[in-house]
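Breakdown of the fold
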Amino acid sequence: RLEPAASPISQRALTKRKKSYTFGVYKAAKIALGLKKTKTVSARAGNAPAPSSSRRAFGEEGAGLSSRRGVSAASPHPGTPSTLNLDVPKGPWHEVEDPNPWSGPPVPTAGPDESAEPFMTESPKTLLNGFALQPWEGTAVTGPLVLAVIDCGLVDNAVCPDKNRPDTKNLTEDERVFHMRRAVADALKTPLFAFALRLFEGPKTDQAVACDRFLKRLLKGCGGAVYCSIGEPPGSAKAYEKMTDSKLAGAALFLRVFLVRFAKRYPQQHGFVHPVVDSPEQRERLITTLGEGFQSWSFMPATTSVPAAIVVRMTNDGVRSLVRAPQPHSWIAVNHFYEFCIAQPSRELSGHPSIFIIDLQKLTFSIYTSSNIKAIAGQLIAAMFHPEPFSAFVVAHAPSAIQFVWGVAKLFLTESARQKFVIQSGSASTHFHKTLGVPLDEIPEAVGGTAKDKPLLSAADLLRVRNQDEAVAAYVDAHGADVASHKAGTFLAFSKLPRHLAGSELFRVGSPSEPGTPTSPGTSGDTGDPALDLMRRRRFGGALLSASKASSSARASRRATPGKTPTARDLRVKISSLAEKLEKAGVVSAAHEAARAAAVAKLR
């Protein structure tokens, strides 16, 4: 399970933080306004820095705190390079102290149009200056940008202990995350990364927790390596060849390359919805073109009992149809299938990441040929588009010949994927029941359980679903509907928060008509965008929020007179009012920090 690691520091922080959000935001706002000084943080015994009071004030979860603390000078692993002893970083999850310089291309804010470069080409490999491009890396836009990122990463992200870029494979998990945040500090502040967190880690997950989970996901796939250890000069064929080994490339460079193709799949200029790949007409054409190519594939949605799963119940006809499926249409379909498992709330509902099930019960021995296995592996090349989303690959009803099959198939898998394979002679329900503890009556009958009321989705059903809608809605809720105009750092401003927060009375002291706040009775905090306003009313209950705002406004009018300079008492009332709203709204730590920044601008 990719849960943030618990540490003594985080546990101590959680134990001490028994007060409400009201107290925390009140203290934070006083610090922001210069009314209270922050305490100096010093290292404790055992090289563990204490949590800062400002960190506690913003109510961030202990898991997010533990992995963003400073790294002590004494490494727990003999022979590993020591790093600087830093204080606990202050501020929100996207802020990094002492970032590693990056002189290469910034994270894209737009993807190429289909007319300039198709989403996927028909060739599985295309050479560009000696570098083998994947089907989604076109030669017009994406490929050259990937090469520019790699060439810069070979220098800026190279292992160099003298520049505080050590080999992190033998460091602790928290130390790796610390270095990972340094290495990609600029990327953390971008709209594309914020959207990726909501897609991969859940639209409702606290962004600090989501960031830690996502970075740990990447680090695990790269063998714990943050920095690049390729050791070859930029532009060389050997350097490009070694880039296929994620342990050598390092998680920081992997993330930067991934964000280039992620921007192509989810173009920010179109609100993270690809105008061609995600269009209903194109999906229907894809279903028609593929025909029976994925007849053996079905999909299990996530429930409170079981995680989402791709279920491939192979038959002889299914293998032949899959091998004949035309490319790149088959690759685009496989990418959609993986995105289904990425976007499904598996962890939130069942506590377990998604699973890939391959059932071999109906296959005959004659189908296990090397050519068929290689052809199927070629159809699954799009599985490398996204970071690995599965906790296990369960091979059910495996015959005795599986050793031969496995010996060939594993050559086409990443090391992280090979380590997740579970070979079983019976049904996949054994893994759910014995490993995950799921009762048989809650496991669908299609995978060996006894639940008859849990049907699976077909490939055609799934291809008609747009998997990123919940993540897009959550992003718009947090940052505003004008996604195309969002820039790195600035999109995190308080003005882009949901209006039921921006309408707090704290921002109306001395200015009853402050821009961005409701100024008349009955105003529900609408943004002016009909689609966004409708979505917010559905997700947050506009009528209830309007009533709450009206009552809060009435209370505020009795406490402070608009138009005059606020007194210290007025300020305390406004801060407490804001804190109450934040607590009721269940706002995440990023919003706390945005509130602090807005308080500085409005009231200092």
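Just above, that's the structure.
Cut-off values and rules
Residues numbered from 1 in each chain as written. Predicted model: local features only at pLDDT ≥ 70, side-chain atom pairs only at ≥ 80, totals over all residues. Heavy atoms only, no water. Helix = DSSP H or I, 4+ residues; strand = E, 2+ residues; numbered from the N terminus. Buried < 20%, exposed > 50% of the residue type's maximum accessible area, 1.4 Å probe, protein only. Contact = heavy atoms within 4.5 Å. Areas by Shrake-Rupley, 256 points an atom, 1.4 Å probe, with all protein chains shown as cover. Pairing = 2+ DSSP bridges. Axes fitted to C-alpha atoms, helices over the stretch in contact; angles between N-to-C directions. Parallel < 35°, antiparallel > 145°, perpendicular 65-115°, else oblique. Left-handed = near helix turned anticlockwise from the far one by under 90°. Nonpolar A, V, L, I, M, F, W, Y, C, P; charged D, E, K, R; others polar. Salt bridge = Lys/Arg side-chain N within 4 Å of Asp/Glu carboxyl O. Polar contact = N/O pair within 3.5 Å; in protein donor to acceptor, adjacent residues only side chain to side chain. Phe/Tyr/Trp six-rings, centres within 6.5 Å; stacked < 30°, edge-to-face > 60°. Lys NZ or Arg CZ within 6 Å of the ring centre and 35° of its normal. Lys, Arg positive; Asp, Glu negative; His and termini not counted. 1 Å grid on protein atoms, 1.4 Å probe; cavity = no way out; pocket = protein on both sides within 12 Å on 5 of 7 lines; lining within 4 Å. Points joined across faces, edges and corners; volume = space filled by probe spheres on them. Core = buried A, V, L, I, M, F, W, Y, C linked by side-chain atoms within 4.5 Å. Arc of directions from axis to C-beta.

Per the secondary structure count, the protein chain includes 27 helices and eight strands. Looking at the protein chain as a whole, 54% of its 604 residues are labelled buried. Of all intrachain contacts in the protein chain linking residues separated by at least 6 positions in sequence, the fraction that spans at least 24 positions is 74%. Summing over all exposed atoms, the protein chain offers an accessible surface of approximately 25,500 Å²; the carbon and sulfur share of this is 54%.

Moving on to the pairing of strand 4 (residues 309-315). Among the seven residues that make up strand 4, five are buried, leaving the element largely enclosed by the rest of the structure. In this sheet, strand 4 lies alongside strand 3 (residues 297-300) in antiparallel orientation, the contact comprising four bridges. Opposite Ser 298, over in strand 4, you have Val 311 as the bridge partner. Here six bridges tie strand 4 to strand 5 (residues 354-362), and the two strands are oriented parallel to one another. Counted as the bridge partner of Ala 309 is Ile 355 from strand 5.

In spatial order, the strands read 7-6-5-4-3-8; together these six strands make up an open sheet with mixed pairing. Either end of the sheet is taken by a strand with one partner, and the two such strands are strand 7 (421-423) and strand 8 (457-458). As judged from the six bridges shared by strand 5 and strand 6 (residues 390-396), these two strands associate in the parallel manner. Across the sheet, residue Ile 358 finds its bridge partner in strand 6, namely Val 395. The sheet strands contacting helix 14 (residues 316-324) are strand 3, strand 4 and strand 5, and the helix crosses strand 4 at an angle near 110°.

Let's shift gears to the packing of helix 9 (residues 207-221) against helix 12 (residues 251-265). Put simply, helix 9 and helix 12 touch, their axes get as near as 9 Å, and they point 110° apart. Comparing their axes, helix 12 and helix 9 come out roughly perpendicular. Once helix 9 is placed against helix 12, the crossing between them reads as right-handed. Where helix 9 abuts helix 12, its residues Phe 214, Leu 215, Leu 218 and Leu 219 lie against Ala 251, Phe 254, Leu 255 and Phe 258. Counted by class, the contact of helix 9 with helix 12 contains eight nonpolar, no polar and no charged residues.

Under the criterion given, the structure shown has 14 salt bridges. Asp 278 serves as the salt-bridge partner of Arg 265, at 2.9 Å between the closest nitrogen and oxygen. Of the two residues, Arg 265 is situated in helix 12 and Asp 278 in the loop between helix 12 and helix 13 (280-290); the sequence distance between them amounts to 13 residues. Between Asp 317 and Arg 320 there is a salt bridge, with its nearest N and O atoms 3.1 Å apart. Of this pair, Asp 317 and Arg 320 both sit in helix 14, separated by three residues, roughly a single helical turn. Via salt bridges that share partners, Arg 265, Asp 278, Arg 283 and Glu 339 belong to a single interconnected network.

Residue position: Asn 335 is located in helix 15 (residues 329-343). For the pair formed by Asn 335 and Met 384, sequence separation is 49 residues and the distance between their alpha carbons is 8.9 Å. When sequence neighbours within four positions are dropped, the list of residues in contact with Asn 335 reads Phe 119, Met 120, Arg 265, Ala 382, Phe 385 and His 386. A polar atom in the side chain of Asn 335 sits 2.8 Å from the side chain of Glu 339.

Considering all chains together, one arrives at 26 aromatic pairs under this definition. A ring pair is formed by Phe 294 and Trp 297, whose centres lie 5.2 Å apart and whose planes are at 80°; its orientation type is edge-to-face. For the pair shown, Phe 294 and Trp 297 are each scored as buried. Grouped by ring-pair contacts, the aromatic residues Trp 93, Phe 193, Phe 195, Phe 200, Phe 214, Phe 258, Phe 262, Tyr 266, Phe 272 and Tyr 475 constitute a single cluster. Across from the ring centre of Trp 102, 3.9 Å away, lies the NZ or CZ of Arg 256, which sits over that ring. Just above the ring of Phe 385 sits the side chain of Arg 261; from NZ or CZ to the centre is 5.8 Å.

Taken across its eleven residues, helix 6 (residues 173-183) has nine buried, putting it largely inside the fold. Turning to helix 6, its buried residues are Asp 174, Glu 175, Val 177, Phe 178, His 179, Met 180, Arg 181, Arg 182 and Ala 183.

Looking now at the side chain of Arg 198. Inspection of the secondary structure assignment puts Arg 198 in helix 8 (residues 191-201). Despite its burial, Arg 198 pairs with no opposite charge, the nearest such side chain being Asp 477 at 7.9 Å. Sequence-distant contacts of Arg 198, defined by excluding residues within four places in its chain, comprise Pro 203, Gln 207, Ala 471, Ala 474, Tyr 475, Ala 478 and His 479.

Attention now goes to empty space enclosed by the protein. Taken as a whole and judged by the stated rule, the model has six cavities of 30 Å³ or more. Roughly 180 Å³ of internal volume is contained in the largest cavity. What lines the largest cavity is a set of 17 residues, among which Phe 200, Arg 217, Cys 341, Ile 342 and Gln 344 lie closest to the centre. Among the elements of the structure, helix 8, helix 15 and helix 16 (346-350) are those that each provide at least two residues to the lining of the largest cavity. Taken together, the residues that form the lining of the largest cavity break down as nine nonpolar, four polar and four charged.

All right, on to the nonpolar core then. Within the largest apolar cluster, 44 residues are counted, with the highest numbers of intra-cluster contacts made by Met 180, Phe 193, Leu 255 and Phe 262. The set of elements that each furnish at least two residues to this core consists of helix 6, helix 7 (185-188), helix 8, helix 9, helix 12 and helix 22 (469-479). With eight residues, the single largest contributor to this core is helix 8. Not counting the four nearest positions on each side in its chain, Leu 255 is found in contact with Met 180, Val 184, Phe 193, Phe 214, Leu 215 and Leu 218.

Along helix 13, the residues classified as buried are Arg 283, Leu 286, Ile 287 and Leu 290. Buried positions in helix 13, seen along its axis, are confined to an arc of 100° and lie on one side of it. Of the surrounding secondary structure, the elements contacted by the buried residues of helix 13 are helix 12, helix 15 and helix 21 (459-463). Positive phi appears at Gly 291, one or two residues downstream of helix 13, with a value of about 55°.

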